[in-house]
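# Coordinate analysis (summary)
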Amino acid sequence: MRLALDVMCGGLRSYLRMCGHDTAYALDRGIECDDRLLALARAEERTLVTRDVTLAERAGDSLLLRETAVEKQLCELDAAGVDLALTDVPERCGRCNGRLERVEDDTPEYAPPPDEERVWQCTVCSQCFWKGSHWDRVENTLASL
């Protein structure tokens, strides 16, 4: 799915990205104005995810969330049919939404060596990712929905 998150739904972005969804977050794009967010969602053919009733009505293609806690928002998305299964191979950067590529050679000091652990790097911000304890926590959270 291609999603656009308003400023009230930023806690969902890494979960959705880890599930392979192309997820634009308003503040990552420097957007605070509803009109600009609607324009982004329309221009990039994204479903708007928001807690703002008026904004959801204006968007047309939107998912209106009622809850404030991230875990409850994830339940709402699950009930709305959003696939919340982690991808086998990470596709999206949790930080910036860029595409990930497998690292075959050297990794930064903070990342495990690629011969010990599969590592992916963002093509946009160069952040490295691997299936460590954070992956396990997200997997457990999603499994409990």
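This text goes with the structure placed above it.
All of these numbers come straight from a predicted model, not from anything done at the bench.

Where charged atoms from two side chains of opposite charge approach closely, those side chains can pair. Using the criterion set out here, one finds seven salt bridges in the structure. Put simply, arginine 92 and aspartate 22 hold a salt bridge, and the shortest N to O gap is 3.5 Å. Of this pair, arginine 92 sits in the loop between α4 (70-79) and β5 (100-103) while aspartate 22 sits in strand β2 (residues 22-25); the two residues are 70 residues apart in sequence, bridging distant segments of the chain. The salt bridge partner of arginine 29 is glutamate 44, with a shortest N-O separation of 2.9 Å. In this pair, arginine 29 sits in the loop between β2 and α2 (34-43) while glutamate 44 sits in the loop between α2 and β3 (47-50), placing the two residues 15 residues apart along the sequence. A relative accessible area of 35% means that arginine 29 is categorised as partly exposed.

Okay, the sheet that holds strand β1 (residues 2-5) next. Read across the sheet, four strands follow the order β2-β1-β3-β4 without closing on themselves; strand pairing throughout is parallel. One side of each edge strand has no neighbouring strand; the edge strands of this open sheet are β2 and β4 (62-64). The average angle at which neighbouring strand axes cross in this sheet is 25°, direction not considered. Across three bridges, β3 lies against β4 in parallel orientation. Following the sheet pairing, leucine 48 is matched in β4 by serine 62. The sheet contacts of α2 involve β1, β2 and β3, and relative to β1 the element is tilted by about 175°.

Calculation notes
Residues numbered from 1 in each chain as written. Predicted model: local features only at pLDDT ≥ 70, side-chain atom pairs only at ≥ 80, totals over all residues. Heavy atoms only, no water. Salt bridge = Lys/Arg side-chain N within 4 Å of Asp/Glu carboxyl O. Helix = DSSP H or I, 4+ residues; strand = E, 2+ residues; numbered from the N terminus. Buried < 20%, exposed > 50% of the residue type's maximum accessible area, 1.4 Å probe, protein only. Pairing = 2+ DSSP bridges. Axes fitted to C-alpha atoms, helices over the stretch in contact; angles between N-to-C directions. Contact = heavy atoms within 4.5 Å.

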